[in-house]
Structures are given as C-alpha cells and as structure tokens.
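If you want the building blocks of each chain, they are given just below.
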Amino acid sequence: MTDQRQRPPRRGQGELEAQILSALRAAEGPATAGWVQERLGGDLAYTTVITILTRLLAKGAVTRERVGRSFVWTPASDEAGLAARRMRRVLDGERDREAVLASFVTSLEPNDERLLRELLAHSEAQRED
C-alpha cells in the first residue's frame, strides 16, 4: 500500500542554498542555524539547514564563528561576489581557459560587452596607479 500523504514539491538544485543565503543577507548580523530555519518557514529540518550551511562554508559562500556551543553564520559576500566566485570556479575547472573566455565574450550582448570593456579598462588603470 502506498503512502497517500502529500509531500511538498522538491526544490530545484541550488534553490535551498539560495534561500538560506537570502535569509542570512536579511539578518541584521551573524545568524544561528535555528534563526535561518525559522526564517525559512519550519518545514525544513534543523539538520538540513546545518548541512546546507556546511556546504556553503566549504564553497566559501559563508563564514562561521563559534559562539558558546554553536556557530553563527554570515554570508561571505554579496550576490555579485558569489556569482563571480561561481564563474571563477567553472573557469578553473576547464582545461582551455582561453577558449572558454573567448566563447563567453563572443556570446555577450553588445551592452554587456561594452560594460566588460569599460570594467577591464578601469581595472587596468587602477593597476597602473
């Protein structure tokens, strides 16, 4: 006989990490796993929150500090910084960096390409100073 109880729909890959990071960004300072669990609504097990926070720590997306017998967690950077870290990780995993970067640049929309050129010029000017 099958279980007739309805299970909540499964989250997409990375969705839970994004929700936890969003909750941490909304905190007014470092937050406990319990606070994150409450913020996300309670259908999530405390151990699941700890598991995701630990994975985010391994990815460099959060930091933690021991307070008493537990930890408080803080996002390591803003959303742009985290996206840049993911892009770097993908690039670092490829053998032919030049081909990957060339493909990326040639697929940019004209406004994004212009912005990238401006950012590179600004970065180069800063290095020369």
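Reading guide: rules and limits
- Residues numbered from 1 in each chain as written.
- Predicted model: local features only at pLDDT ≥ 70, side-chain atom pairs only at ≥ 80, totals over all residues.
- Heavy atoms only, no water.
- Helix = DSSP H or I, 4+ residues; strand = E, 2+ residues; numbered from the N terminus.
- Buried < 20%, exposed > 50% of the residue type's maximum accessible area, 1.4 Å probe, protein only.
- Contact = heavy atoms within 4.5 Å.
- Axes fitted to C-alpha atoms, helices over the stretch in contact; angles between N-to-C directions.
- Parallel < 35°, antiparallel > 145°, perpendicular 65-115°, else oblique.
- Nonpolar A, V, L, I, M, F, W, Y, C, P; charged D, E, K, R; others polar.
- Pairing = 2+ DSSP bridges.
- Salt bridge = Lys/Arg side-chain N within 4 Å of Asp/Glu carboxyl O.
- Phe/Tyr/Trp six-rings, centres within 6.5 Å; stacked < 30°, edge-to-face > 60°.
- Lys NZ or Arg CZ within 6 Å of the ring centre and 35° of its normal.

Q: Looking at this structure, I do not really get the side chain of Glu 17. What am I missing?
A: Positionally, Glu 17 belongs in helix α1 (residues 15-26). On the basis of relative accessible area, Glu 17 is assigned to the buried category, the value being 16%. Excluding residues within four positions of it along the chain, Glu 17 makes contact with Ile 52, Arg 55, Leu 56 and Lys 59.

Q: How do you make sense of the packing of helix α4 (residues 79-92) against helix α5 (residues 97-106) when you look at a structure like this?
A: Geometry of a packed helix pair, given as the angle between the helix axes and the separation of the axes. Orientation of α4 relative to α5, taken along the N-to-C sense of each, is 135°, at an axis distance of 9 Å. As the angle between them shows, α4 and α5 are arranged oblique. Seen from α4, the contacting residues are Met 87, Leu 91 and Asp 92; seen from α5, they are Arg 97, Val 100, Leu 101 and Phe 104. In terms of residue class, the contact of α4 with α5 is built from five nonpolar, no polar and two charged.

Q: What am I meant to see in the packing of α1 against helix α3 (residues 46-58) here?
A: At their nearest, the axes of α1 and α3 sit 10 Å apart, and the two run at 85° to each other. Judged by the angle between their axes, α1 and α3 are roughly perpendicular. Contacts between α1 and α3 involve Leu 16, Glu 17, Ile 20, Leu 21 and Leu 24 on the former and, on the latter, Thr 48, Val 49, Ile 52, Leu 53, Arg 55 and Leu 56.

Q: How do you make sense of the pairing of strand β1 (residues 62-67) when you look at a structure like this?
A: Examined bridge by bridge, β1 and strand β2 (residues 70-75) share six bridges and lie antiparallel to one another. The residue of β2 that forms the bridge with Thr 63 is Thr 74. Adjacent in sequence and paired antiparallel, β1 and β2 are bridged by two residues, among which Gly 68 carries a positive phi angle near 70°.

Q: I would appreciate a short explanation of the pattern of salt bridges in the present structure.
A: Pairing between side chains becomes possible if they bear opposite charge and their charged atoms approach one another. Under the defined criterion, the tally for this structure stands at four salt bridges. Between Arg 97 and Asp 92 there is a salt bridge, and its shortest N-O distance comes to 2.7 Å. On the basis of relative accessibility, which here comes to 51%, the residue Asp 92 falls in the exposed class. A salt bridge links Arg 117 to Glu 113; the shortest N-O distance between them is 2.7 Å. Separated by four residues within a single helix, Arg 117 and Glu 113 lie in helix α6 (residues 110-128), roughly one turn from each other. Judged by relative accessible area, Glu 113 falls into the partly exposed class, the value being 25%.

Q: Looking at this structure, how should I read the packing of aromatic side chains?
A: Working definition: an aromatic ring pair is given by the centre-to-centre distance plus the angle between the planes. Within this structure, the stated rule accounts for one aromatic pair. Over the face of the ring belonging to Phe 71 we find Arg 64, whose NZ or CZ atom lies 4.1 Å from the ring centre.

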